[in-house]
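Overview (structure and organization)
These are the residues of each chain, in order.
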Amino acid sequence: MGEPPRLVATDIDGTLLRDDRTLSPRTAGVLARIAALGTPVVLVTGRPIRWLKLVYDQLTEPLPAICANGAVVYDPVTDEVLRADPLAPELLAEVARRLRAEVPGVSFAVEIVDSREMRHEPHYPLRWDADHDAIRAVESPEELHSAPAVKLLARAGEQDPDAFVALVAGALAGLAEATHSSYSGLVEISAAGVTKAAGLAWYCSRHGVDPADVLAFGDMPNDVPMLTWAGRGVAVANAHHAVLKIADEVTEANTADGVAAYLERVFGLG
C-alpha cells in the first residue's frame, strides 16, 4: 500500500486494547489525528453494541462500529443501527438442534435486539458481563430462538478453541458461519455469509471505498476474513497463528501499541 489508506478498520480486543481492556493515550491520540485528517476509522468487533461504551469512554470521539462479527453496522453519533443481518428464529432452532445432537453438554446464548440485549440458558457460563441489565436467562429452550439473533454463542466446558470451532463448523456446514475470538472454547455463530469482511464491505461500498484502499488490523480467527479482504491486513505480534499466517505484515503487540505504531509510520505522525 504505497498511498495512505482511505479507510482504517481495526478489531478491538487483543488488537486495539491492551490486555486490561484499556486504550492507551497514544493509541487514542493517533486515532483522533487520523480522523481529523479525514481518513475514516471503523471498529470491527465480535462484541455487541452494549459493550462499546467501554471503548467510547476512552476515545476522543466515538467511532462507527461493525459489531457481532459483521452482523450489525452501528452509528454511535445517532445511536442507529444502519444494517443488521440476524439469524432467523427457524434457523436458530435448527442450528441449536444440530449442535445439541453433536456436542454433549453444549449451552447457548443469543445476542438479540441488534446486540443490545443477551439471552442465555441457565447453565450457560457468563463471564465479565453477568450482571448487566440487558442480560437474563431464558425460561425455556424455545425462548432462546423465539426472536432473530445477530449472534449465537455456544460453549461446552473448556475446549480447545480451534478443534471446537472445527467441530461446530462441520455440523453447520452450509447453514451458518462459525468462528472464534477467544482461547476459552467459545464458538460464535452467525448467519451464512456474515463475517467481519462482509460487514466492512457493506460499509465501504456505502462510502465509495475500494477494498484495495482499506488497511485492517486484527488478532484472532474471526479477523481472518477481514484481513484477507482488505488491501492490507496487519496482524499484531500477539495474534493467533492463523492470523499471523495470512497477514501481509505484523506490527508490535497490543501491549506495545502495535496499531498506533503502524499508523504513525503510515501517516507520518512522528
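What counts and how
- Residues numbered from 1 in each chain as written.
- Predicted model: local features only at pLDDT ≥ 70, side-chain atom pairs only at ≥ 80, totals over all residues.
- Heavy atoms only, no water.
- Salt bridge = Lys/Arg side-chain N within 4 Å of Asp/Glu carboxyl O.
- Helix = DSSP H or I, 4+ residues; strand = E, 2+ residues; numbered from the N terminus.
- Buried < 20%, exposed > 50% of the residue type's maximum accessible area, 1.4 Å probe, protein only.
- Core = buried A, V, L, I, M, F, W, Y, C linked by side-chain atoms within 4.5 Å.
- Contact = heavy atoms within 4.5 Å.
- Arc of directions from axis to C-beta.
- Polar contact = N/O pair within 3.5 Å; in protein donor to acceptor, adjacent residues only side chain to side chain.
- Phe/Tyr/Trp six-rings, centres within 6.5 Å; stacked < 30°, edge-to-face > 60°.
- Lys NZ or Arg CZ within 6 Å of the ring centre and 35° of its normal.
- Pairing = 2+ DSSP bridges.
- Axes fitted to C-alpha atoms, helices over the stretch in contact; angles between N-to-C directions.

**What to know about the pattern of salt bridges**
The final tally for this structure, using the stated rule, is 17 salt bridges. For D11, the salt bridge is made with K196, and the minimal N-O distance between the two is 3.0 Å. Here the residue D11 occupies a position in the loop between β1 (7-10) and α1 (25-36), and K196 occupies one in helix α6 (residues 196-206), the gap between them amounting to 185 residues. Take D11 and K196: they sit in the same class, and that class is buried. As a salt-bridge pair, E188 and K151 come within 3.1 Å of each other at their nearest N and O atoms. Taken together, the residues span a long stretch of sequence, with E188 in strand β11 (residues 187-191) and K151 in strand β9 (residues 149-155) at a distance of 37 residues. On the accessibility criterion, E188 (2% relative accessible area) is buried.

**Quick look at the nonpolar core**
Counting residues in hydrophobic clusters, the biggest one holds 81 residues, and the most contacted among them are L7, I189, L200 and L263. Considering each element in turn, this core owes the most residues, five residues, to helix α9 (residues 258-267). Among all residues touching L200, those that are not within four sequence positions of it are L7, A9, V44, I66, V214, M226 and W229. Membership of the second largest hydrophobic core comes to six residues, among which are A109, M118, Y124 and I135.

**Here's the deal with α6**
Looking at α6, one finds that the buried residues are K196, A197, G199, L200, Y203 and C204. Projected down its long axis, α6 shows its buried positions confined to an angular sector of 165 degrees, all on one face. Packing partners of the buried residues in α6 comprise β1, β2 (41-44), β3 (65-67), β4 (72-75), β12 (214-218) and α7 (224-229). Backbone nitrogen of A197 and a side-chain oxygen of the N-cap are separated by 3.2 Å at the start of α6; the cap is T195. Immediately downstream of α6, the backbone of G208 shows phi near 65 degrees, a positive value.

**Details of the packing of aromatic side chains**
For the coordinates displayed, the defined rule picks out one aromatic pair. Pairing F217 with Y262 gives two aromatic rings, centres 5.5 Å apart and planes at 80 degrees, and the pair type is edge-to-face. Residue F217 is found in strand β12, and its partner Y262 is found in helix α9; the two are separated by 45 residues along the sequence. Accessibility assignment for this pair places F217 and Y262 in one class, buried. R47 extends its terminal NZ or CZ atom over the ring of W51, reaching a point 4.7 Å from the ring centre.

**Examining unusual backbone geometry**
In most cases, non-glycine residues show a negative phi, while peptide bonds are predominantly trans. Notably, V113 is not glycine yet its phi reads approximately 50 degrees, a positive angle. With respect to the secondary-structure elements, V113 resides in the loop between β6 (107-112) and β7 (117-120). Here V113 falls in the partly exposed class, since its relative accessible area comes to 42%. For D114, which is not glycine, the phi dihedral falls at a positive 60 degrees. Here D114 shows up in the loop between β6 and β7.

**What about the sheet that holds β9?**
Taken in spatial order, the six strands of this open sheet run β8-β7-β6-β9-β11-β10, and their pairing is mixed. The open sheet terminates on both sides in strands that have one partner only, identified here as β8 (135-137) and β10 (176-179). Across this sheet, the average inter-strand angle for adjacent strands is 25 degrees, counted without regard to direction. Across four bridges, β6 lies against β7 in antiparallel orientation. From the neighbouring strand, I112 faces β7, where its bridge partner is E117. Of the strands in this sheet, β6, β9, β10 and β11 touch helix α3 (residues 89-102), which is tilted by about 160 degrees from β6.

**Re the side chain of H240**
Along the chain, the position of H240 falls in the loop between β13 (232-236) and α8 (241-246). Note on H240: relative accessible area 4%, which makes it buried.

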